[in-house]
Amino acid sequence: MSMISPDSVEIFYRTYDSLVKDSLPLALFLNQITTKMDKENRDYFVIPAKKTGRKKDICFQFERKDNELVFKGIHTRRKADGIS
């Protein structure tokens, strides 16, 4: 299972916390997210617009290096733009 790189975990958490409006702390379900990313061989995950307060889905993008996920940034798109 991939883990978020120690070099980028702090910026990832700050970015996530500033953008996502969820009552549950990220730490409670981050393992589920990374497991699903591994299973589906993806380097991103999407938070739906209804949880972001931006009226757009937010895609958190990573790069895989040495079995770690290095946070690269975010992309925002409306569902009509093709991200679901």
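Going by the annotation in an unreviewed UniProt entry, the name recorded for the protein is DUF5960 family protein, with Enterococcus hulanensis given as the source organism.

Caption draft 1: Broad picture of helix α1 (residues 9-19). Three or more residues of α1 are buried, namely Phe12, Thr15, Tyr16 and Leu19. Buried residues of α1 fall within an arc of 95 degrees about the axis and therefore sit on the same side. The exposed set on the far side of α1, more than 90 degrees from its buried face, consists of Glu10 and Arg14.

Caption draft 2: Fine view of the packing of aromatic side chains. Counted under the stated rule, the structure contains eleven aromatic pairs. Members of the aromatic cluster, connected to one another through ring pairs, are Phe12, Tyr13, Tyr16, Phe45, Phe60, Phe62 and Phe71.

Caption draft 3: Main features of the pairing of strand β2 (residues 44-47). Here β2 shows a buried face lined by Phe45 and Ile47 and an unburied face lined by Tyr44 and Val46. Bridge analysis of β2 against strand β3 (residues 57-65) gives four bridges, and the strand direction is antiparallel. Looking across to β3, one finds that Val46 is bridged to Cys59.

Caption draft 4: Region of the structure containing the side chain of Ser8. Looking at where Ser8 falls in the secondary structure, it is placed in the loop between β1 (3-4) and α1. In this structure, Ser8 is in contact with Leu69, Val70 and Phe71, ignoring residues within four places of it in sequence.

Caption draft 5: Main features of the nonpolar core. One finds Phe12, Tyr16, Leu26, Phe45, Phe60 and Phe62 to be the most contacted residues of the largest nonpolar core, which totals 17 residues. Breaking this core down by element, the ones donating at least two residues are α1, α2 (30-39), β2, β3 and β4 (68-77).

Caption draft 6: Region of the structure containing the pattern of salt bridges. Summed over all chains, the structure comprises six salt bridges. A salt bridge links Arg14 to Glu10; the nearest nitrogen and oxygen atoms lie 3.8 Å apart. With a gap of four residues between them, Arg14 and Glu10 both fall in helix α1, about one helical turn apart. Judged by its relative accessible area of 55%, Glu10 falls in the exposed class. We note a salt bridge from Glu40 to Arg42, for which the minimum N-O separation is 2.7 Å. Since its relative accessible area comes to 40%, Glu40 is described here as partly exposed. It is possible to trace a salt-bridge network through shared partners that takes in Glu63, Lys65 and Lys72.

Procedures and definitions
- Residues numbered from 1 in each chain as written.
- Predicted model: local features only at pLDDT ≥ 70, side-chain atom pairs only at ≥ 80, totals over all residues.
- Heavy atoms only, no water.
- Buried < 20%, exposed > 50% of the residue type's maximum accessible area, 1.4 Å probe, protein only.
- Helix = DSSP H or I, 4+ residues; strand = E, 2+ residues; numbered from the N terminus.
- Arc of directions from axis to C-beta.
- Phe/Tyr/Trp six-rings, centres within 6.5 Å; stacked < 30°, edge-to-face > 60°.
- Pairing = 2+ DSSP bridges.
- Contact = heavy atoms within 4.5 Å.
- Core = buried A, V, L, I, M, F, W, Y, C linked by side-chain atoms within 4.5 Å.
- Salt bridge = Lys/Arg side-chain N within 4 Å of Asp/Glu carboxyl O.

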